[in-house]
Amino acid sequence: MIDVKIQINGIEQVKKLLAPDRFAKVAARALNKASNQAGVEAGRSVRATYNITKARLDKYVTVKSARWEDLSVIISARGKVPGLQWYGARQTSRGTSVLVTFTGGRKVMAHAFIAPGADGKGTGVWVRAGAKVVPMRGRYAGKTSKRTGLPIMRQPLERKFGPSGVSMYKNLGFPVIVEVVQEKFNKVFSQELKWELLKD
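Nothing here was measured: the structure is a model prediction, and the numbers come from that model.

Thresholds, definitions, all that
Residues numbered from 1 in each chain as written. Predicted model: local features only at pLDDT ≥ 70, side-chain atom pairs only at ≥ 80, totals over all residues. Heavy atoms only, no water. Pairing = 2+ DSSP bridges. Helix = DSSP H or I, 4+ residues; strand = E, 2+ residues; numbered from the N terminus. Axes fitted to C-alpha atoms, helices over the stretch in contact; angles between N-to-C directions. Contact = heavy atoms within 4.5 Å.

**A closer look at the sheet that holds strand β3 (residues 72–77)**
Through backbone hydrogen bonds, the strands of a sheet pair up, either in parallel or in antiparallel fashion. One open sheet accounts for three strands, arranged β1-β3-β2; its pairing is antiparallel. Of all the strands in the sheet, the pair left with one neighbour each is β1 (2–7) and β2 (61–64). Averaged over all pairs of adjacent strands, the angle between strand axes in this sheet comes to 15°, irrespective of strand direction. With four bridges joining them, β2 and β3 adopt antiparallel strand pairing. Following the sheet pairing, T62 is matched in β3 by S76. Lying over the sheet, helix α1 (residues 20–49) contacts β1 and β3, oriented at roughly 25° with respect to β3. Packed onto the sheet, helix α3 (residues 165–197) meets β1, β2 and β3 and runs at close to 10° relative to β1.

Shown next as structure tokens:
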């Protein structure tokens, strides 16, 4: 997991305008709104390069919002890795084609195929790789070769995955978050302060 912690500085001069608890609540609201806007822009930045949906990408990011007693926001990207089926996987006569990045273009993985996992849940992109072994389950389990009389051996199935949420956000998401918060916070804070002062 990798995260970025966002804190605020440089607004001490306006603390005298409000009681401490009101000031903290205003600052927390502003920080959360600016961070939310930054999170949206970060997701767009990632999806401009990677062919992954917003709904899928959001599963790998968590946000710990600011509170009046803790004026910081922590945005974390988890290390969970999406399967290649989420990158526009298509079955072809030559294997499975995927589009991971728009700059890299669509590529075909020879002999790969799209199928559910062994437990019948979770479709993925699979290839056979490694040394042959005697299968313990599936259509060839317990079968022998008619020609040799020996157990049929198969290469194990290997599921293929795309880039992790951490790698996508480290290079393309977090720099945008920091930039957008720095750009928008003062404006959002001023608006929130104005509304709070109108309550008096």
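Now that the structure is up, let's keep going.
**Topic: the sheet that holds strand β5 (residues 95–98)**
The sheet built from three strands is open, its strands ordered β4-β5-β6 with antiparallel pairing. Single-partner strands in this sheet number two, and they are β4 (90–92) and β6 (107–110). Here the strands of the sheet are splayed against their neighbours by 30° on average, with no regard to which way each runs. Pairing of β4 with β5 involves three bridges; the strand directions are antiparallel. Opposite R90, over in β5, you have S97 as the bridge partner.

By themselves, these observations are geometric and do not establish any function.
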